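Notes for the structure review
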Amino acid sequence: MSVIYLLRHGQASFGAADYDVLSPVGHQQAKVLGEELRARGVKPAQVWAGTLARQRDTATATLAAAGIDLDCGTDARWDEYDHLGLVQALAAREQVDAPVSPRDFQALLDRALEDWIGNGLEVGATGTYTDFADRAFAALTEVAAGGDALVFTSGGVIAALCSRLMGAGVVAVNRVVVNAAITKIVVGRSGASLVSFNEHGHFEGANRELLTYR
């Protein structure tokens, strides 16, 4: 049996020229996440991340804080869907202004996701939602064969996997995934089981100001 910890990256740079950069808060979140893993005594056999900078940089900071000395492999199947492309395409189709606040962006993203999932649309290199979710589940299955693992990924990947395992709606799950939260999946003879979703107790108390969703 393997235990897979799906770790969402820290907060990226919303509204900046390059979104794929950890914000100062994102760097702090990654450090606190590492301290949480150290406190739990997590000892993975392997570490993986997507190819995105925010995922790899979260891994670097988290592993250092956790005291885990393992190389981090990369696999594009852990990358996020093209969320910016989805929102821009919907805004263009409906001739609405581009969102400027995280709340407005989330509202438009929810609608774009429903359109993408429900209508089988293809979005750039991401392809259809089914393509995206199938790649993520295949990556999970392969990682599970190698023993306990930490996987640094994104909210959309976590939502797709948890939605499949819980039989829940993707959009609702995607909306509430916290930056640098912990989701735990156990894979054994009977298949994959979701044990915990979106744990973020490490952002309560003294660290509550670090709690972010986007």
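Read on for an overview of the structure.

Quick notes on the rules
Residues numbered from 1 in each chain as written. Predicted model: local features only at pLDDT ≥ 70, side-chain atom pairs only at ≥ 80, totals over all residues. Heavy atoms only, no water. Helix = DSSP H or I, 4+ residues; strand = E, 2+ residues; numbered from the N terminus. Expected span 1.5 Å × (residues − 1). Buried < 20%, exposed > 50% of the residue type's maximum accessible area, 1.4 Å probe, protein only. Contact = heavy atoms within 4.5 Å. Core = buried A, V, L, I, M, F, W, Y, C linked by side-chain atoms within 4.5 Å. Domains from an automatic or database assignment. Polar contact = N/O pair within 3.5 Å; in protein donor to acceptor, adjacent residues only side chain to side chain. Pairing = 2+ DSSP bridges. Right-handed = clockwise from strand over helix to strand, strands pointing away. Axes fitted to C-alpha atoms, helices over the stretch in contact; angles between N-to-C directions. Parallel < 35°, antiparallel > 145°, perpendicular 65-115°, else oblique. Nonpolar A, V, L, I, M, F, W, Y, C, P; charged D, E, K, R; others polar. Salt bridge = Lys/Arg side-chain N within 4 Å of Asp/Glu carboxyl O.

**Quick notes on helix α4 (residues 102-119)**
An α-helix turns once per 3.6 residues; consequently, residues spaced three or four apart project the same way. Between the first and last C-alpha of α4 there are 25 Å, a value that for 18 residues agrees with the 26 Å anticipated at 1.5 Å per step. Taken together, the buried positions of α4 are F105, Q106, L108, L109, D110, A112, L113, D115 and W116. Looking at the buried side of α4, the elements it contacts are α3 (83-94), α5 (129-144) and α7 (170-175). The first or second residue beyond α4 is G120, which carries a positive phi of 65 degrees.

**As for the nonpolar core**
By size, the foremost hydrophobic cluster in this structure holds 37 residues, and its most contacted members are I4, L6, W78 and W116. Sorting the residues of this core by element identifies β1 (2-8), α3, α4, α5, β4 (149-153), α6 (155-166), α7 and β5 (182-188) as the ones contributing at least two each. Residue contributions to this core peak at eight residues, all from α5. Summarising the domain contributions, this core has at least three residues from each of domain 1 (2-80 + 133-210) and domain 2 (82-125).

**Focus on the side chain of S196**
Within the secondary structure, S196 is located in strand β6 (residues 191-199). Residue classification places S196 among the buried positions, given a relative accessible area of 15%. Separated by 2.5 Å, the side chains of S196 and E199 make a polar contact. Excluding anything up to four places from it in sequence, S196 contacts T183 and K184.

**Some thoughts on the pairing of strand β2 (residues 46-49)**
Where β2 and β4 come together, four bridges link them in parallel fashion. The residue bridging V47 from the neighbouring strand is L150, located in β4. In the sheet, β2 pairs with strand β3 (residues 72-74) via three bridges, with the strands oriented parallel. Note that in β3 the partner of V47 across the bridge is C72. Read from β2 through helix α2 (residues 53-66) to β3, the crossover connection turns out right-handed.

**Some thoughts on the packing of α5 against α6**
In contact at an axis separation of 9 Å, α5 and α6 are set at 85 degrees when each is read in the N-to-C sense. Between α5 and α6, the crossing angle belongs to the class labelled roughly perpendicular. Residue-level inspection shows Y129, F132, A133, D134, A136, F137 and L140 of α5 in contact with α6, the latter providing G156, V157, A160, L161, R164 and L165. For the contact of α5 with α6, the per-class residue count stands at ten nonpolar, one polar and two charged.

**With respect to the pattern of salt bridges**
Going through the model one piece at a time under the given rule, you end up with eight salt bridges. Of the charged contacts, one joins D20 and R54 as a salt bridge, the two residues approaching to 2.9 Å between their closest N and O atoms. Placement of the pair is D20 in the loop between β1 and α1 (24-40) and R54 in helix α2, with a sequence separation of 34 residues. By relative accessible area, which is 5% here, R54 ends up buried. With its nearest N and O atoms 2.8 Å apart, the salt bridge here joins D75 to R77. Here D75 falls in the buried class, since its relative accessible area comes to 16%. Among the charged side chains, a salt-bridge network with shared partners connects E36, R40 and E199.

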